[in-house]
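Geometric and topological summary
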Amino acid sequence: MKDYLVRGLVESKNCRVFACQTTHLLEIARQKHQLWPTASAALGRMMSATLMMGAMNKNHEKMTITINGGGHIGTMIASTHSDGKIKAFVANPQVHYTYNETGKLAVGVAVGNEGTLQVIKDMGLKEPFVGTVPLQTGEIGEDFSYYFMVSEQIPSVVSVGVLVNDTNEILSSGGFIIQLLPDATEEDIQYIEEKMSHFPAVSSLIYDEHTPEDVLKMIFDDVEILESQDLSFECDCSRDKMKSALITVGKQEIEAMIQEDHGCEMKCQFCNEKYTFSEEELTELLEHM
Ligand SMILES: [Zn+2]
């Protein structure tokens, strides 16, 4: 089954909804970054939430989300042009914690909760939109929910999850978001709260081959699906972009690379792709600076 997300509307309950499946793109990210299970869970949850947020941006703004909670995993960054393609990384991919009581992956411990979640939306205007909120638990879902409430004043349920097997492969990844529209009533809120109080883990539903549409229909039997979008892990790095980045390190640094290392290797942090530049290429670059 391919990765995709759906956007829908529930008129009877005055809310808009999103659901996605991101199992394959997380498996690709896991292989590129050699993620350990708890890091996979953290990045998978973050990518699902980011992709669904992207589906809220009608003008396909470039959106970059940074989470840093002071935990062992370090900074996490996910970036999308709100077109279903995402690139993302964590500073320390070799992180693995589980909760003693349940054996579940301890995402909140790995991420930490002494920090912030920051959203930057670049709308092509002079000043990009920047929204920053303190992390609540580091479990990602609650943190996005808090962001929507505080930064965008939209009460939201954010549920994201990941299942990993014994050999660290991704079994399932995905989630859903429910957002109340301004006309929502106390009854609508009660209906959603009641449903959520005993709703199964979204990662288990996806593992059991329920589609994003199925998940939404389990919550709202009259949900109207408006749109679907394919999702993928895709980096937009290139030799040319790396060259431009190289220019910014300055003449002296490049001279040192030529003299001491006779070339250089640069790695894209989002996808781990390596780019090597020979002594001749660096010399040519210097001449054009
Ligand atoms: Zn890249």
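Residues numbered from 1 in each chain as written. Predicted model: local features only at pLDDT ≥ 70, side-chain atom pairs only at ≥ 80, totals over all residues. Heavy atoms only, no water.

1. So, the packing of helix H2 (residues 37-54) against helix H4 (residues 141-152)
At a minimum axis distance of 11 Å, the contact between H2 and H4 shows a crossing angle of 35 degrees. Where H2 abuts H4, its residues Met46, Ala49, Thr50 and Met53 lie against Phe144, Tyr147, Phe148 and Glu152. In terms of residue class, the contact of H2 with H4 is built from six nonpolar, one polar and one charged. (Axes fitted to C-alpha atoms, helices over the stretch in contact; angles between N-to-C directions. Helix = DSSP H or I, 4+ residues; strand = E, 2+ residues; numbered from the N terminus. Contact = heavy atoms within 4.5 Å. Nonpolar A, V, L, I, M, F, W, Y, C, P; charged D, E, K, R; others polar.)

2. Focus: unusual backbone geometry
Phi at Ser82 is positive, roughly 60 degrees, even though this residue is not glycine. As for its placement among the helices and strands, Ser82 is situated in the loop between strand E4 (76-80) and strand E5 (85-90). Notably, Asn272 is not glycine yet its phi reads approximately 65 degrees, a positive angle. With relative accessibility at 24%, the residue Asn272 sits in the partly exposed group. (Buried < 20%, exposed > 50% of the residue type's maximum accessible area, 1.4 Å probe, protein only.)

3. Regarding the coordination of the zinc ion
Coordination sphere of the zinc ion, protein contribution only: Cys235 (SG), Cys237 (SG), Cys268 (SG) and Cys271 (SG), at 2.2 to 2.3 Å. Relative to the metal, the four donor atoms surrounding the zinc ion lie at angles of 104 to 115 degrees, and the coordination shape comes out tetrahedral. For the zinc ion, the donor residues sit on a single chain with the sequence spacing C-x1-C-x30-C-x2-C. (Donors = N, O, S within 2.8 Å, 3.2 Å for Na, K, Ca; no water. Tetrahedral: all angles 85-135°; square planar, octahedral: opposite > 155°, others 65-115°.)

4. Details of the nonpolar core
Of all hydrophobic cores here, the largest spans 67 residues; its most connected members are Ile67 and Phe144. The element best represented in this core is H2, accounting for 10 residues. Both of domain 1 (4-233) and domain 2 (239-287) provide at least three residues apiece to this core. Setting aside residues no more than four positions away along its own chain, Ile67 makes contact with Met46, Gly74, Thr75, Met76, Val111, Thr116, Leu117, Leu135, Ile140 and Phe144. Counting residues in hydrophobic clusters, the runner-up holds 19 residues, among them Tyr4, Ala19, Ile178 and Ile192. (Core = buried A, V, L, I, M, F, W, Y, C linked by side-chain atoms within 4.5 Å. Domains from an automatic or database assignment.)

5. Here we look at the side chain of Asn57
Secondary-structure assignment places Asn57 in the loop between H2 and strand E3 (62-68). Classification of Asn57 as buried rests on a relative accessible area of 8%. In terms of polar contacts, Asn57 uses its side chain to reach the side chain of Ser82, at 3.1 Å. Ignoring any residue separated from it by four or fewer positions in sequence, one finds Asn57 in contact with Met63, Ser82 and Lys121. (Polar contact = N/O pair within 3.5 Å; in protein donor to acceptor, adjacent residues only side chain to side chain.)

6. A closer look at the pattern of salt bridges
It is possible for side chains bearing opposite charge to pair when their charged atoms get close. Inspection of the entire model under this criterion finds eight salt bridges. Two residues, Asp230 and Lys2, come together in a salt bridge whose shortest N-O distance is 2.9 Å. Here Lys2 lies in the segment before strand E1 (4-10) and Asp230 lies in strand E10 (residues 224-230), a separation of 228 residues in the sequence. One salt bridge connects Glu227 with Arg7, and the closest N-O pair in it is separated by 2.9 Å. One end of the pair, Glu227, is in strand E10; the other, Arg7, is in strand E1, with 220 residues separating them in the sequence. Note on Arg7: relative accessible area 26%, which makes it partly exposed. (Salt bridge = Lys/Arg side-chain N within 4 Å of Asp/Glu carboxyl O.)

7. Quick look at H2
In this model, H2 (18 residues) spans 25 Å end to end at C-alpha, consistent with the 26 Å of a helix rising 1.5 Å per residue. Burial analysis of H2 places 18 of its 18 residues in the buried class, which makes it a mostly covered element. (Expected span 1.5 Å × (residues − 1).)

8. What to know about the packing of aromatic side chains
A complete count under the given rule lists four aromatic pairs for this structure. A centroid spacing of 5.6 Å and a plane angle of 85 degrees characterise the contact between Phe176 and Phe199, whose relative ring orientation is edge-to-face. Of this pair, Phe176 sits in strand E9 (residues 170-180) while Phe199 sits in the loop between helix H5 (186-197) and helix H6 (202-207), and the two are 23 residues apart along the sequence. A relative accessible area of 17% means that Phe199 is categorised as buried. The ring of Tyr191 has Lys13 lying over it, and the distance from NZ or CZ to the ring centre is 4.5 Å. A cation over an aromatic ring shows up here: Arg239 above the ring of Phe277, its NZ or CZ 4.5 Å from the ring centre. (Phe/Tyr/Trp six-rings, centres within 6.5 Å; stacked < 30°, edge-to-face > 60°. Lys NZ or Arg CZ within 6 Å of the ring centre and 35° of its normal.)

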